[in-house]
Amino acid sequence: MPDRMSILSPTGHLGFTPIERGSFELGVARRPDAIVADSGSCDIGPQPLGADEHCSPEEWQRHDLELMLLGARRLGIPMIVGSASDTGTDRGVKQYAGIIRDIARRHALAPFRLATICSEVPRDEVARRLAGGVRVEGLDGRADLTPEVLARTDRLVAVMGVAPIIRALDEGAEVVVAGRSSDSCIFAAPAIRAGFPEAAAYYLGKVLECASFAGEPFMGKESILGTVTADAVTVTAMHPGQRCTVASVASHAMYERANPFFEHVAGGVLDMSHCRYEQQDERTTRVTEFAFRRDPVYRIKLEGSGKVGERAVSIAGIRDPYTIRHIDTVIAWARSKVEERWGAPGARYQLYYHVYGRDGVMGPWEPTPVPAHELCLVVEAVASQWEDAEVICALGTRNLFYARLPEVKGTAGTAALMMDEVLRGKPGYEWTVNHVLPLADPLELCTVRLEEVGR
Amino acid sequence: MTTRPLVELAKTIRSKNAGVDQITFDVIFRDRESYELVRKSGALTPETVARLYGIPRERLTAFVEFDPALAIKFTIRRERPSGSPGERDVFGAQQYAPLFDLPIPVGP
């Protein structure tokens, strides 16, 4: 095991908005041992996974991959990208591998070994395991996976741990493009492979996964550098105007996590409840006293998304104070006109009224649902056929215009239509799977392939 | 009793998805004094949060005090997974505002 290993993290979501070049180059000048970035998230909603699309423009993905690839090849160090192209599906891995080959060709890079790791899971594979009696346990209060819920799922990915990435590096990979991966694991993998303790390696990954979000003041897309030793992790902001402080690093431990003390990854849990944070220099914080416990049974997280239907949206405004006071009556009227023709909402269609200016952002959680002097209503209809969604949305919007209120003065129309038009949104999807699947072998749902790229 | 709104005592008040089924809330303080004041005030508890958001207590899946970050953190289970039809806040990023006005007793 070397004394220390440094990893440069340039972005918390490769491609989502472009990496800032300045702090990245400052990071490369520190001669890190690897450059690593995550490129996906379930934060973007279920549509990209379900429809197997990316949500980031390819131009920005290419920009970020090019910066990383050129920096890594210049130093002759590994580059690892996880959750390729927002979703981490096989499509994303293939797309990123194509971009890497293209960049290598255009820059006439010396030959290197590229590994691709696919972790998309066929629905039939999960169905087979369910039928065989395997318990696919629900996360975050969800019920266990049933064949019915699985049948509503269009696409699934397994969130890989360190094992497939270590395998790829063992086989000589210098660039790794991985499918859906646990953010911290893509950083932990090279450190564990080099012999660092799992606790330190996973903590390194945890602190680096969102790049400059672990520093202050708040900045996105700036690089940070993490260094692991046998018992400590230090993290330094690369942007000259940013610092990694005890407060910023500790705050980041709880970002996007229900619990700041435990980080679950494939195969175990990182325990941060006794972590000690110290300011090492102005821009560097040192963390010690983390622990890692392996799970008795190796389990991997599955994410799955299923299509609900085609989605239509339209927009109406209300300014009449009397109508605003009776806005729920107006909506009930419009709903009743839809129900006359289409029956009650349910399997056939869904209809939502978002009342911006009252509780459009928070819905039933809004403690002060007091309407403003004008309201914006966004009408959202979902049905299996686009034509149905469009008609339901139009009916549900135009009847805001024809609402019958006993004392309304404005008898020429009770709503302002921004345009008498229904907009076609991307189809509605739902996260159907947020579960864990036990595995006999950490590599069993992944395919690792190696190829020679360049000249 | 003298009170001050939480927004005056906290450095950061934020909300964000924690996975696809939950939204987590962070209230972070600049100094230990404000953190301890709010922590011991009894004004920010699972019960007051449940009341503020009009949800049953069981919907809160975590409520922790996180000393290293001078933070109080809680997590609410969503009604539906993030991004489902009818979604209001895909990232869960604007659910914290009602915490601003939470009155914190600061003196007699």
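Procedures and definitions
Residues numbered from 1 in each chain as written. Chains lettered and ligands numbered in written order. Predicted model: local features only at pLDDT ≥ 70, side-chain atom pairs only at ≥ 80, totals over all residues. Helix = DSSP H or I, 4+ residues; strand = E, 2+ residues; numbered from the N terminus. Buried ≥ 20, exposed ≤ 12 C-beta atoms within 10 Å, placed from the backbone. Pairing = 2+ DSSP bridges. Axes fitted to C-alpha atoms, helices over the stretch in contact; angles between N-to-C directions. Contact = placed C-beta atoms within 7 Å. Nonpolar A, V, L, I, M, F, W, Y, C, P; charged D, E, K, R; others polar. Parallel < 35°, antiparallel > 145°, perpendicular 65-115°, else oblique. Left-handed = near helix turned anticlockwise from the far one by under 90°. Core = buried A, V, L, I, M, F, W, Y, C linked by C-beta atoms within 7 Å.

Peer 1: Can you explain unusual backbone geometry? Please cite residues and give values.
Peer 2: Residues and elements named next belong to chain A. Residue Pro 217 is reached from Glu 216 by a cis peptide bond, and omega for that bond is -5°. Examined against the element boundaries, Pro 217 turns out to sit in the loop between α9 (198-208) and β8 (224-228). For Lys 221, which is not glycine, the phi dihedral falls at a positive 65°. Along the polypeptide, Lys 221 turns up in the loop between α9 and β8. Look at Lys 221 and you get buried, because 22 C-beta atoms sit within 10 Å. With a phi close to 70°, Glu 289 is a non-glycine residue in the positive phi region. If you trace the backbone, Glu 289 turns up in the loop between β13 (284-288) and β14 (291-294). Under the C-beta neighbour-count criterion, Glu 289 is labelled partly exposed, with 15 such atoms within 10 Å.

Peer 1: Account for the sheet that holds strand β3 (residues 22-29) of chain B, naming residues and giving values.
Peer 2: Paired through backbone hydrogen bonds, the strands of a sheet run either parallel or antiparallel to each other. On the basis of which strands lie adjacent, the open sheet formed by 4 strands has the order β2-β3-β5-β4 (chain B) and antiparallel pairing. What marks the edges here is a single partner per strand, and that holds for β2 (10-17) and β4 (60-66) of chain B. This sheet shows a mean twist of 10° between the axes of neighbouring strands, independent of strand direction. Strand direction decides the pairing type here: β3 of chain B and strand β5 (residues 71-77) of chain B, joined by 7 bridges, are antiparallel. Bridging across to β5 of chain B, Asp 26 of chain B finds its partner in Lys 73 of chain B. Taken strand by strand, helix α10 (residues 246-254) of chain A contacts β3, β4 and β5 of chain B, and its axis lies near 15° from that of β5 of chain B. Those strands touched by helix α2 (residues 32-41) of chain B are β3, β4 and β5 of chain B, and its axis lies near 125° from that of β3 of chain B.

Peer 1: Summarise the environment of Leu 302 of chain A; cite the residues concerned and give the values.
Peer 2: Residues and elements named next belong to chain A. Position of Leu 302 among the secondary structure elements: in strand β15 (residues 299-318). As for Leu 302 and Ser 384, which are separated by 82 residues in sequence, their C-alpha atoms are 26 Å apart. Every residue in contact with Leu 302, bar those within four places of it in the chain, is listed here: Val 121, Leu 156, Ala 158, Val 433, His 435 and Leu 437.

Peer 1: With reference to specific residues and values, describe the interface of chain A and chain B.
Peer 2: Across the contact, 40 residues belong to chain A and 37 residues belong to chain B. Of all the secondary structure elements, the ones that give two or more residues to the side of chain A that touches chain B are α10, β15, β16 (349-356), β17 (375-383) and β19 (423-438) of chain A. Of the residues in the side of chain A that touches chain B, the class split is 21 nonpolar, 11 polar and 8 charged.

Peer 1: Tell me what's going on with the packing of helix α1 (residues 21-29) of chain A against helix α3 (residues 58-75) of chain A, and back it up with residues and numbers.
Peer 2: All names here are of chain A. Two elements in contact, α1 and α3, have axes whose closest approach is 11 Å; the angle formed by their N-to-C orientations is 15°. On the basis of their axis angle, the class for α1 and α3 is roughly parallel. For the element pair α1 and α3, the recorded crossing hand is right-handed. Along its contact with α1, which presents Arg 21, Phe 24 and Val 28, the element α3 presents Leu 67, Gly 71 and Leu 75. For the contact of α1 with α3, a count of residues per class yields 4 nonpolar, 1 polar and 1 charged.

Peer 1: Residues and numbers for the sheet that holds strand β10 (residues 262-265) of chain A, please.
Peer 2: Residues and elements named next belong to chain A. Spatial ordering of the open sheet is given by β10-β11-β14, a layout of 3 strands whose pairing is antiparallel. The two strands at the open ends of the sheet, each matched to only one other strand, are β10 and β14. For this sheet, the mean inter-axis angle between neighbouring strands, taken without regard to orientation, is 20°. Where strand β11 (residues 268-271) and β14 come together, 4 bridges link them in antiparallel fashion. Considered in β14, the bridge of Val 269 is made with Arg 293.

Peer 1: Could you give an account of the nonpolar core, with specific residues and numbers?
Peer 2: Residues and elements named next belong to chain A. Core analysis: the largest hydrophobic core is formed by 128 residues, its most contacted members being Ile 117, Ile 165, Val 176 and Leu 204. Residue contributions to this core peak at 8 residues, all from α9. Residue contacts for Leu 204: discarding those within four places in its chain leaves Ile 7, Phe 187, Ala 188, Ala 191, Gly 226, Val 228 and Val 233. Within the second largest apolar cluster, 26 residues are counted, among which are Leu 377, Val 379, Val 382 and Ala 389.

Peer 1: Can you lay out the packing of helix α7 (residues 163-170) of chain A against helix α8 (residues 183-193) of chain A for me, pointing to particular residues and giving the numbers?
Peer 2: Residue and element names in this part refer to chain A. In the contact formed by α7 and α8, the axes pass within 9 Å of each other and the chain directions differ by 50°. In terms of axis orientation, α7 runs oblique to α8. Crossing of α7 against α8: the hand is right-handed. Counted together, Ile 165, Ile 166 and Leu 169 of α7 and Cys 185, Ile 186, Ala 189, Pro 190, Ile 192 and Arg 193 of α8 form the full contact between these two elements. Residues belonging to the contact of α7 with α8 are distributed by class as follows: 8 nonpolar, no polar and 1 charged.

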